[in-house]
Amino acid sequence: MTTPTTVARDVTVPVGQHRAFEVFTRRLGDFKPPEHNLLSVPIASTTLDPRVGGTITDTGVDGSTCSWARILVWEPPQRLVFSWDIGPTWQVETDPARTSEVEVRFDAIDDHRTRVTIDHRHLDRHGPGWEGVAGGIAADEGWPLYLDRFAQLLTRES
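Okay, the overall build of the protein chain next. Counting its regular elements, the protein chain contains four helices and seven strands. Reading the helices (α) and strands (β) of the protein chain from amino to carboxyl end gives β-α-α-β-β-β-β-β-β-α-α. In the protein chain, which comprises 158 residues, the share counted as buried stands at 44%. For the protein chain, contacts bridging at least 24 residues in sequence account for 52% of all contacts bridging at least 6. Summed over all atoms, the accessible surface of the protein chain reaches about 7800 Å², with 50% contributed by carbon and sulfur. Side chains of the protein chain carry 16 positive and 23 negative charges; the gap between the two charge centres is 3 Å.

Before going further, it helps to spend a moment on unusual backbone geometry. Cis geometry is adopted by the peptide bond preceding P77, which originates at P76 and carries an omega value of 0 degrees. With respect to the element layout, P77 can be found in the loop between β4 (65-75) and β5 (79-84). Backbone geometry places W90, a non-glycine residue, at a positive phi of 60 degrees. Here W90 falls in the partly exposed class, since its relative accessible area comes to 37%. In the Ramachandran plot, H122 falls in the positive-phi region, its phi being about 65 degrees despite a non-glycine side chain. Note on placement: H122 falls in the loop between β7 (113-121) and α3 (130-138).

Another point: the pairing of β4. Across five bridges, strand β3 (residues 55-60) lies against β4 in antiparallel orientation. Considered in β4, the bridge of T59 is made with T65. Hairpin remark: β3 followed by β4, antiparallel, with four residues in the connecting loop; positive phi at G63, about 90 degrees. Strand direction decides the pairing type here: β4 and β5, joined by four bridges, are antiparallel. Pairing of I71 across the sheet is with F82, part of β5. Taking the residues that link successive antiparallel strands as the turn, the β4-β5 hairpin has three residues.

Time to look at a nonpolar patch on the surface. Residues L38, W90 and V92 make up a contiguous nonpolar surface patch of roughly 230 Å² in combined accessible area. Secondary-structure assignment places L38 in the loop between α2 (28-31) and β2 (43-48).

Grouped together as the largest cluster of nonpolar side chains are 39 residues, with contacts concentrated most on V13, F82, W84, V104 and F150. If you tally residues by element for this core, the top one is helix α4 (residues 143-157), at seven residues. When sequence neighbours within four positions are dropped, the list of residues in contact with F150 reads V13, A20, V23, F24, F31 and V116.

Definitions and cut-offs
Residues numbered from 1 in each chain as written. Predicted model: local features only at pLDDT ≥ 70, side-chain atom pairs only at ≥ 80, totals over all residues. Heavy atoms only, no water. Helix = DSSP H or I, 4+ residues; strand = E, 2+ residues; numbered from the N terminus. Buried < 20%, exposed > 50% of the residue type's maximum accessible area, 1.4 Å probe, protein only. Contact = heavy atoms within 4.5 Å. Areas by Shrake-Rupley, 256 points an atom, 1.4 Å probe, with all protein chains shown as cover. Lys, Arg positive; Asp, Glu negative; His and termini not counted. Charge placed at Lys NZ, Arg CZ, Asp CG, Glu CD. Pairing = 2+ DSSP bridges. Patch = residues over 30% accessible without salt bridge, like charges linked within 9 Å, V, L, I, M, F, W, Y side chains within 5 Å. Salt bridge = Lys/Arg side-chain N within 4 Å of Asp/Glu carboxyl O. Core = buried A, V, L, I, M, F, W, Y, C linked by side-chain atoms within 4.5 Å.

Listed below in structure tokens is the structure:
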């Protein structure tokens, strides 16, 4: 059996499209699992620079930083695409040709519900060991955990 080169997950959240996009992009650190950390110290914050060319960066409690994604598409409130600059050894990959892409779509169901879909594609670009990346992000501790925590955050606030 071959490993798919795309992992897709979705969740429906109890807020409108604009709010879903805003919380996902401005408060990523509020639902990103703190154990998903490439730094040698605990994460103090995770920020997304909201523009094409921006980054997603973890900042450690000691001020150290780790930028692990680049913003490729910025289309509020419908879509965000960023690179996944984390290789099969769970280290930052600096060669853009060896990174995958994460597309996050925010599709309004009505004024009070939005379907958020994550398509993590081109996983094979990571080269040898890419199947481990695919397995990690598809597992319950990967994108499903992010989306579950995102939905919980919005449910508590709505």
